[in-house]
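Close look at the chain arrangement
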Amino acid sequence: MVEVSKTEVVGTLSGLSTIQVEPVGRWFEAYCLRRLRKQTLSANSVHSSSSEDTESDVSEDEEDVAFLQSLDPTDWKHQDHYQVLGLKNLRYKATDDQIKRAYKKKVLKHHPDKRRAHGLQVKDGDDDYFSCITKAIDILGNKVKRRSYDSVDPEFDNAVPSGSGVAKDNFLTTFKPAFERNARWSTKRNVPGLGNMNSTFDEVNHFYSYWYDFDSWREYSYLDEEEKEKGENREERKWIERQNKTARGKLKKEEVQRLRTLVDNAYNCDPRIQKFKDDEKEKKLAHKRARQEAARAKVEEEERKKREVEEEERKKKEKEEEELKAQREKEKKEKDAQKKAIKKERKTFRSKMKEFDYFCADDTERVANMQDVEKLAELLSVVSLREMNEGLTSGDEDKAKEAFSSKLKELNDQIEKEKQQQLEMSKKSASGGGSGGGGKQWSEDEMQTLIKAVNVFPAGTNQRWEVVANFINQHCGSNFGPKDTLSKAKALQKMDPTMKQAANQKAFEHFNKESKRPDKAEGLPKEEADISARYDSVAVQQIAETGGNPAPWTADEQKLLEQALKTYPASTKDRWDVISVAIPGRSKKDCMKRYKELVELVRAKKLAQAAAAAKTKK
């Protein structure tokens, strides 16, 4: 049988470790020469190589001895310690092990005992150049002293590239070596590099932020002029320390300024910074344009909505105006038709009554009946006039007279009834005025004066009711207070029809006094004078009975009204009373009503013109 071996794990191997081995010596150099020359190992090659190595070592030793002998052992501060140990090329990059081996090599060659054994001359004590080797290892072998010496390394290039005349193309080649040289002074590791022309904004910003906050370990204690240990006493040592500290601070300040100048010059010449600024500016401009576009779009949208609302309001207004215009036209047509109808019925009524000779036997009765005819023609409605005209057209004079008499009696009864109602209302107003005026009775003159004062001193007058009370007391000799006049005015407002009737009665009385002139109808033909007198008497009677003249305005009356409005402006005292006096047969109520009608006509005309102009623009 074949036995099968088993594999077992008895342990784990440790991780691999890397050991740095440095090939040294003339034998390694000989090996390199053979490899370069592609020669095999032989006695001749070894002999020749050995002889060459010997010659090379001899030349190096001669140079080394000449350099060391040229040094002044007392001026050790100004000597190059790295060169003394043969580490001129490595300098601050040399490791501690390399420094130790270099020192051992120098000791084997230049120790005073070795040189005496070879018969060479050796100076006494510190005057021998071997003391320079001892001083070099003393400084470079100590980390603190070596850092102090490295800070003032004479081989270090402290030059700072100028910020002027640096083109974009050679920016990196100019400043990159400078930053790499000065990166050795950083107390922090992983010093960021200058990068390239394609570096991002974050990379560039991190680089300059690091260098603007650069923390340097470089110090200048090696350059101290005196050592404090040489002081004879404590005070002298303190003084030396202060002097050294001041000198170090000054040099440190100059170093900080030098690094800041380096960073400033690089920042000012860096084309990437300008590119980033241009990009940021363009970004801001784009953002600003976007905001402006958004604001413009918002304004345009608001204007569009506003135009839509205005257009809707305009259409709605035009529609309302058209409806109002149509309604007014309809009302006007109805009113014109009604006027036409009543005018026709009045004309028919007057013609029929003229045919029946006004049912009179003498002139006195004829004048009276003519006045009654005018009263009926002006006061009766279209329906009543049509009914009466139907009775007059029957052909029977008795039936016609009966229809005329019945309508006249019915109208007179109605007027009398209205007079009784107004009288009762007047009495109630008078009784109410007594109770509303603080218990004082108001006479007719006092009430009329109150109405006049309220019109003369409108709302807004300073201390209005005191002024009204004084006005009444001065003109009527009464003794009313502000509360009395206010209470009575409120009572008259509640009884508005009575107040209007009282004002119209006063206007009629005033008109009646002014219009009674014996020469009014002089110079006219008899028939025209009779008609004028008859018309005046009818108008006066209608004003007295109804407070106004319902007859249509004639062209002459219209001219008189227009002239009176121009003659007596709004500032005229008791303007409408004066205007009504200038127009015979018309009361204050008639003039104000006609004025309002004219204002409405002018307003309607302007609206119609505006609507027509708007349609024309479309």
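See the structure printed just above.
Each residue is numbered by its place in its chain's sequence as written, counting from 1. With pLDDT at 70 or above as the cut-off, local features in this predicted model cover only qualifying residues; side-chain atom pairs require 80 or more to be listed or tallied, and sums for whole chains, interfaces and linings still use all residues. Computation of side-chain values: all heavy atoms of the structure, hydrogens and water removed.

Take the overall build of the chain next. Summing up its helical and strand segments, the chain has 22 helices and zero strands in all. Residues counted as buried form 29% of the 618 residues belonging to the chain. Contacts are assigned to residue pairs with any non-hydrogen atoms lying within 4.5 Å of each other. Of the contacts formed within the chain by residues at least 6 apart in sequence, a portion of 65% connects residues at least 24 apart. Secondary structure follows DSSP: runs of H or I at least 4 residues long count as helices, runs of E at least 2 residues long count as strands, and numbering of each begins at the N terminus. For the exposure calls, accessible area comes from a 1.4 Å probe over protein chains only, and a residue counts as buried if that area is under 20% of its type's maximum, exposed if over 50%, partly exposed in between.

A few words on the pattern of salt bridges. The term salt bridge refers to a side-chain nitrogen of Lys or Arg lying within 4 Å of a carboxyl oxygen of Asp or Glu. This structure, assessed with the given rule, holds 26 salt bridges. The salt bridge partner of Asp157 is Arg181, with a shortest N-O separation of 3.8 Å. Taken together, the residues Asp157 in the loop between helix 7 (143–151) and helix 8 (171–182) and Arg181 in helix 8 connect sequence positions 24 residues apart. Through salt bridges that share partners, Asp80, Arg91 and Asp153 make up one connected network.

Once that is clear, we can look at helix 10 (residues 234–269). Compared with an ideal rise of 1.5 Å per residue, which puts 36 residues at 52 Å, helix 10 spans 52 Å between its outermost C-alpha atoms and is within 8% of the ideal. Within helix 10, burial applies to Ile240, Asn244, Glu255, Arg258, Leu259, Leu262, Val263, Asn265, Ala266 and Cys269. Against the buried residues of helix 10 lie helix 8, helix 9 (201–212) and helix 11 (271–355). N-cap assignment for helix 10: the residue whose side-chain oxygen lies 3.3 Å from the backbone N of Glu235 is Asn233. Under the convention used throughout, the expected extent of a helix is 1.5 Å for every residue step, that is, one less than its residue count. Throughout this description, a polar contact denotes any pair of N or O atoms lying within 3.5 Å of each other; where both atoms belong to protein, one of them has to be capable of donating a hydrogen while the other can accept it, and for residues adjacent in sequence the pair is counted only when both atoms sit in side chains.

Moving on: the packing of helix 20 (residues 555–567) against helix 21 (residues 575–582). Here helix 20 crosses helix 21 at 145°, and the two axes come no closer than 9 Å. Handedness of the helix 20/helix 21 crossing: right-handed. Each of Leu560, Leu561, Ala564 and Leu565 in helix 20 lies in contact with helix 21, whose residues at this interface are Arg575, Trp576, Ile579 and Ala582. Every angle, taken between N-to-C directions, lies between 0 and 180 degrees, and every axis is a line fitted to C-alpha atoms, over only the stretch in contact when it is a helix. Crossing handedness is read from the near helix: turned anticlockwise from the far helix by less than a right angle, it gives a left-handed crossing, and turned clockwise, a right-handed one.

Right, let's talk about the packing of helix 6 (residues 130–140) against helix 7 for a bit. To characterise two packed helices, one gives the angle between the axes of the helices and the distance between these axes. In contact at an axis separation of 6 Å, helix 6 and helix 7 are set at 100° when each is read in the N-to-C sense. Viewed along their axes, helix 6 and helix 7 adopt a mutual orientation that is roughly perpendicular. On the side of helix 6, the interface is formed by Asp138, Ile139 and Leu140, while helix 7 contributes Lys145, Arg146 and Tyr149. In the scheme used here, Gly and all other residues not listed as nonpolar or charged are polar, with Ala, Val, Leu, Ile, Met, Phe, Trp, Tyr, Cys and Pro taken as nonpolar and Asp, Glu, Lys and Arg as charged. Tallied by class, the residues present in the contact of helix 6 with helix 7 amount to three nonpolar, no polar and three charged. Orientation labels follow simple angle bins: below 35 degrees gives roughly parallel, above 145 gives roughly antiparallel, 65 to 115 gives roughly perpendicular, and whatever is left gives oblique.

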